[in-house]
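Examination of the molecular architecture
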Amino acid sequence: MTWFSSPSDVTTRLAGAGYLADAATATTAFLAGALEKPLLVEGPAGVGKTELAKAVARATGADLVRLQCYEGLDEARALYEWNYKKQLLRIQASQGDDQTWSETHDDIFTDEFLLTRPLLTAIRREEPTVLLIDEVDKTDVEVEGLLLEVLSDFQVTIPELGTVVAVRRPFVVLTSNATRELSEAVKRRCLYLHLGYPDAEREREIVTSQVPDLEDKVAGQLVATVARLRELELKKAPSIAESVDWARTLIALEINDLDDKAIVDTLGVILKHASDQDRAVRELRLRS
Amino acid sequence: MQRSGLLDRHIAFLEALRGAGLPVSLAEDLDAIEALTALDWGDRATIRDGYAATLVKRHSQRPTFETLFDLYFPRLVGEGARGARDEEEESAVRDNARALVSFRTQLLDALAGGDEETLSRLAAEAVARFGAMPGRGPGLSSWSAYTALQRVSPAELTEQLVRALLAEGRVDGEARRSAGRRIGGFTRRVEDDARRRIAEEKGPDHVANVAVRPSIDRLDFTAARKSDLEEMRREIYPLARRLATRLTQEHHARRRGPLDFRRTVRASISTGGVPLVTHHKPKRPHRTELVVLCDVSGSVASFAQFTLLLVFALRDQFQKVRAFTFIDHVHEVTHHFKPGADVVDVMADLAASASHAALWGRTNYGRAFAKFEEEHADAIGPKTSLLILGDARSNYSDLNERVLRDLAGTARHAWWLNPEHTRHWDTGDSAATKYGEVVPMVECRNLTQLSEFVHDIL
């Protein structure tokens, strides 16, 4: 199956799924589908990295299999695990019978006792699948080694069962906040996309598409303010997710004009550090 | 077989990327080819994105990639299609005062409007009109961004641009910053365009070797421009966060202490009494006290500031951090680093307090060490690590190595970070080797080296 026919096809279909992609995102997503290579998406928190994978799944009608990475994630949680308890039960149940050990042994290492985890699940599925490996920088270095086999050959080796090869290659998206530099080996196997903050035009489109109730005038003021805030030296610049939250806040508070007072009152929605808020108030001369 | 030259250009481009320090492997090369086959060649931006997706795997390398891409796959050739048409009507007035005035008016409008398309066109025009350097023979003429910028001098438009932005309702400081950034952007465009034209005449390989600036994390502190310093400052917090995560992860990996019997037995109940997984008690983390002593005299001030910021951003990794600045006198600056304080404020405070660190204003390491021992001897104990930052250039004064030896002897560890390249050590008034014999001296020229060092001492 081909995922997308051209970069512009990506743009239209993702827009249909509620995700407004810029040209670079569209081109890279198209290549990820055409070359059947995993896509590594890096960028600050809240710019829509995870959402991209979800949108691809929605746009292509594929199912999403998600592996959330965290520190201490291991093979048993990422790939597969034998169901020990069930195996123990099976052994105990067969003790009365005249089964030999080798028969029991063959018996308990079968599909029935295999607990598949996201990576194996995604590979064994026959329907189109989007595999999202979220926050891959949070894992330990060993897990990266585990990913290598999956990402380059789309196969998993289980010693007792043999090698499982993907029937249909999933569309793989890895996301990372770049808290840690990923190994060269992983990066080499992936296409790379850096998602940054969007320009004012696109951000406005995103905000209005997510919060349709927002008035045009307020949307313009909101996007302009966020753009001004991003120019300041802040610890954490407001992201798209925060702009959208802000828009929702303004709707809930029924604010129809984003003046200085309104900005100061609701600044907590977009700036999450006290020093950042002080700086914003001082630099933008906001008076409440 | 007739070759189009596209493959040669592709390979030359990859060679240039490798030369600029991007680790482009053969596998990625093949990926890029495959990507180009899948893409439509109608749009230059698409091709650029395709190359970027397959070849550039680190965001900090993106500017380098952009520069080289512009050289090997230029936006336009010569004057472009538009230039050729204008040639006839404007050939008479290439470069005179009136052309300059009208050009600057156009430029100001474009800058105020932030119109990217027009700015690119104007940059090309600026180089064509004001930056041409006629050569003696064919092929000897060249282009100079410097001449073009001298003639147009966009920096003089700053005040007018600030006024235009203020009229739009921006506030003062913000308008000034924004104007500075736009003019900086235009300057860069002019430089890019001059490079493009030179590359067109002499071949891109010729330009690629000299034109590419190192990426921000490999840029020397001492060679940084003002805009670079701002960008570096933005990098400090993400860098500290990356380091902290990496450190916690590594500490966790080494954390397996003695067996936690109770938890192991409890966990074994779920597997029928078979202890499949053992649990361990956590190890107590060991945290050092750190004393930072930094030279803040002109030449190395920015280096000292970055190191201090990074150290304080990582303060929860240490038990206690104290910082002192010196030129020829010592001044404690620990109180400027309040938790959660604003980076810009801290920088301003530090710069202001630099005057306390000087009596006569000439760097004197020997005197500074003596003063430090006299006034702050209590800061250094057997549990502390001492970190000295500076270029070891002491204006040929008494080095006072004895005091430094005493300080280093009392402390648990001592290091000296020198922002100069090793090849400049011991030149002129540098006492790098003499001090290096007392305290191990490490070269630390850019953010990458700095973060590696900080990671290693923790």
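Everything numeric in this text was worked out from a predicted model, so none of it was measured. Each chain carries its own residue numbering, running from 1 in the written order of its sequence. As a convention, the first chain written is A and the first ligand written is 1, with the rest following in written order. Since the coordinates come from a predicted model, pLDDT governs what is reported: local features require at least 70, and pairs of side-chain atoms require 80 or more to be given and counted, while whole-chain, interface and lining totals use all residues. Computation of side-chain values covers all heavy atoms of the structure but excludes hydrogens and water.

Attention now goes to the interface of chain B and chain A. In what follows, residue pairs with any heavy atoms lying within 4.5 Å of each other are defined as contacts. Every contact between the two is made by 43 residues of chain B and, on the other side, 40 residues of chain A. By definition, the buried area sums, over both parts, the 1.4 Å-probe accessible area that each loses when the two are put together. Contact with chain A buries area across many residues of chain B, yet B:Lys57, B:Arg58 and B:Gln249 alone supply 16% of it, more than any other trio. What counts as a salt bridge is simple: a side-chain nitrogen of Lys or Arg found within 4 Å of a carboxyl oxygen of Asp or Glu. Between B:Arg58 and A:Glu184 there is a salt bridge, and its shortest N-O distance comes to 2.7 Å. Here a polar contact is taken to be a pair of N or O atoms separated by no more than 3.5 Å, where protein atoms must pair a possible hydrogen donor with a possible acceptor and residues adjacent in sequence count only if both atoms sit in side chains. In this assembly, chain B and chain A are joined by eight residue pairs in polar contact (both at pLDDT 80 or more). Breaking the side of chain B that touches chain A down by element, the ones donating at least two residues are helix H2 (26-38), helix H3 (44-55), helix H10 (172-202), helix H12 (226-253) and helix H15 (343-353) of chain B. All residues other than Ala, Val, Leu, Ile, Met, Phe, Trp, Tyr, Cys, Pro, Asp, Glu, Lys and Arg, Gly among them, are scored as polar; the first ten of these are nonpolar and the last four charged. Along the lines of polarity and charge, the residues of the side of chain B that touches chain A split into 13 nonpolar, 13 polar and 17 charged. Labels follow the DSSP assignment, with helices taken as runs of H or I lasting at least four residues and strands as runs of E lasting at least two, numbered in each case from the N terminus.

Further remarks concern the pattern of salt bridges. All names here are of chain A. Counted according to the given criterion, the structure contains 33 salt bridges over all chains. Put simply, Glu127 and Arg125 hold a salt bridge, and the shortest N to O gap is 3.3 Å. Arg125 sits in the buried class, given a relative accessible area of 18%. Within the structure, one salt-bridge network assembled from shared partners comprises Asp63, Arg125 and Glu127. The cut-offs for exposure are 20% and 50% of the maximum accessible area for each residue type, with area from a 1.4 Å probe on protein chains only; residues under the lower value are buried, those over the upper are exposed, and the others partly exposed.

What follows is about the domain arrangement of chain A. Residues and elements named next belong to chain A. Parsing chain A into structural domains produces domain 1 (7-79 + 117-194) and domain 2 (200-283). Contact residues are listed per partner, giving seven residues for domain 1 and nine residues for domain 2. A buried area of about 560 Å², summed over both sides, lies between domain 1 and domain 2, and 54% of it is on carbon and sulfur atoms. Scanning the region where domain 1 abuts domain 2 turns up zero salt bridges. The interface formed by domain 1 and domain 2 holds four residue pairs in polar contact (both at pLDDT 80 or more) in total. By residue class, the composition of the side of domain 1 that touches domain 2 is four nonpolar, two polar and one charged. Start and end points for every domain follow an automatic or database-based domain assignment.

This part is about the packing of helix H1 (residues 7-16) of chain A against helix H2 (residues 23-35) of chain A. Residues and elements named next belong to chain A. Angular values range over 0 to 180 degrees, each being the angle between N-to-C directions of two axes fitted as lines to C-alpha atoms, with helices fitted over their stretch in contact. Interaxial distance between H1 and H2 falls to 8 Å at its minimum, and their mutual angle equals 105°. Relative to H2, the element H1 lies roughly perpendicular. Note on element contacts: H2 touches H1 through Ala26, Thr27, Ala29 and Phe30, opposite Pro7, Val10 and Thr11. The scheme is simple: roughly parallel for angles under 35 degrees, roughly antiparallel for over 145, roughly perpendicular for 65 to 115, oblique for anything else.

Before going further, it helps to examine the packing of aromatic side chains. Any two rings among Phe, Tyr and Trp, with Trp reduced to its six-membered ring, count as a pair given centres within 6.5 Å; such a pair is stacked if its planes are under 30 degrees apart, edge-to-face if over 60, and tilted if neither. Under the definition given, this model contains 23 aromatic pairs over all chains. Centroid distance B:Tyr365 to B:Tyr435: 6.0 Å. Interplanar angle 40°. Geometry classified as tilted. Placement of B:Tyr365 in helix H16 (residues 365-376) and of B:Tyr435 in helix H18 (residues 432-438) is noted, with a sequence separation of 70 residues between them. Overall, the relative accessible area of 0% leaves B:Tyr365 in the buried class. Given a relative accessible area of 0%, B:Tyr435 falls into the buried group. A ring pair is formed by B:Trp416 and B:Tyr435, whose centres lie 4.9 Å apart and whose planes are at 25°; its orientation type is stacked. Here B:Trp416 is found in strand E9 (residues 413-418), whereas its partner B:Tyr435 is found in helix H18, with 19 residues between them in sequence. The structure contains a cluster of three or more aromatic residues connected by ring pairs, namely B:Phe13, B:Tyr51, B:Phe65, B:Phe69, B:Tyr72 and B:Phe73. Note on geometry: a ring has a charge over it if NZ (lysine) or CZ (arginine) is within 6 Å of the ring centre and within 35 degrees of the ring normal. When the ring centre of A:Phe113 is taken as reference, the NZ or CZ atom of A:Lys86 above it lies at 5.7 Å.

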